[in-house]
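Breakdown of the fold
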Amino acid sequence: TQLLEQSPQFLSIQEGENLTVYCNSSSVFSSLQWYRQEPGEGPVLLVTVVTGGEVKKLKRLTFQFGDARKDSSLHITAAQPGDTGLYLCAGESGGSQGNLIFGKGTKLSVKP
Amino acid sequence: DSGVTQTPKHLITATGQRVTLRCSPRSGDLSVYWYQQSLDQGLQFLIQYYNGEERAKGNILERFSAQQFPDLHSELNLSSLELGDSALYFCASSVGQFAEQYFGPGTRLTVT
């Protein structure tokens with residue numbers, strides 16, 4: 001069974017701080033996606049990474065896919081209250097026919 | 001707004017009952033996925049349809065079934081409901097079988 005472990009589970013920081021959340025697995029994924037979910041709403045896709053070692057930047061968010069395609073990280077620079085939410089990573093294995101395996105998420109709270 | 005619509009937004013029903021959740025994918029998307037999200041289990045993949053045909057099954061109970069209609073909308077049927085079925089149910093869609101998934105706003109099911 002493929003599992004994605006996310007850490008930390010909870011993170012509470014002050015506005016302006018930097019943070020990194022991690023997504024780890026013992027399995028290889030053909031692609032990995034990061035989502036952000038707000039309470040009572042559906043996950044919103046932030047980015048997809050597909051190549052080992054790939055780095056993608058989305059304004060203050062930097063996403064990295066591990067060289068072996070087993071892990072990923074999300075770094076947020078100068079966090080803002082609007083970044084508050086549940087960050088989910090999801091992996092797609094080559095044989096999964098598109099269904100995603102989700103981590104349990106990192107719940108981020110950014111206080112003004 | 002992801003373009004994926006789900007109805008109803010909230011549903012309260014009693015144990016033993018049967019309910020139907022509806023999902024309309026984004027225009028042009030052929031794949032529909034159903035997920036269940038509970039506090040302790042996180043987002044769990046249930047089932048995928050592609051252009052009317054079932055393509056993948058995840059942790060879907062035998063009491064649950066789904067179908068995708070010729071107009072590509074999908075319905076998830078939950079029967080003999082138990083208290084433990086209370087959860088958020090999300091539908092997602094993608095263009096192909098392996099593409100990035102876009103989530104609807106979810107249906108919150110409460111079984112009393």
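See the structure above.
The rules behind the values
Residues numbered from 1 in each chain as written. Chains lettered and ligands numbered in written order. Predicted model: local features only at pLDDT ≥ 70, side-chain atom pairs only at ≥ 80, totals over all residues. Heavy atoms only, no water. Buried < 20%, exposed > 50% of the residue type's maximum accessible area, 1.4 Å probe, protein only. Helix = DSSP H or I, 4+ residues; strand = E, 2+ residues; numbered from the N terminus. Pairing = 2+ DSSP bridges.

**Considerations on the pairing of strand 4 (residues 31-37) of chain A**
Residue and element names in this part refer to chain A.
- Burial analysis of strand 4 places 7 of its 7 residues in the buried class, the great majority of the element.
- Because side chains alternate across strand 4, one face comprises the buried residues S31, Q33, Y35 and Q37, and the other comprises L32, W34 and R36, equally buried.
- Here strand 4 runs beside strand 9 (residues 85-92); their pairing, made up of 7 bridges, is antiparallel. Opposite Q33, over in strand 9, you have A90 as the bridge partner.
- Direction of pairing for strand 4 relative to strand 5 (residues 44-49): antiparallel, over a ladder of 5 bridges. In the strand pairing of strand 5, Q33 is matched with T48.

**Looking at unusual backbone geometry**
- Cis geometry marks the peptide bond from S7 of chain A to P8 of chain A, where omega comes out at -10°.
- Structurally, the position occupied by P8 of chain A is in the loop between strand 1 (5-7) and strand 2 (10-14).
- The omega angle of the peptide bond from T7 of chain B to P8 of chain B is -10°, so this bond is cis rather than trans.
- Tracing the sequence through the fold places P8 of chain B in the loop between strand 1 (5-7) and strand 2 (10-13).
- One non-glycine residue, R69 of chain A, lies in positive phi territory at about 60°.
- R69 of chain A sits in the partly exposed class, given a relative accessible area of 30%.
- Residue A78 of chain A is not a glycine yet carries a positive backbone phi of 50°.
- Among the secondary structure elements, A78 of chain A is positioned in the loop between strand 8 (71-76) and strand 9.
- A78 of chain A sits in the partly exposed class, given a relative accessible area of 31%.

Shape descriptors only; they carry no functional weight alone.
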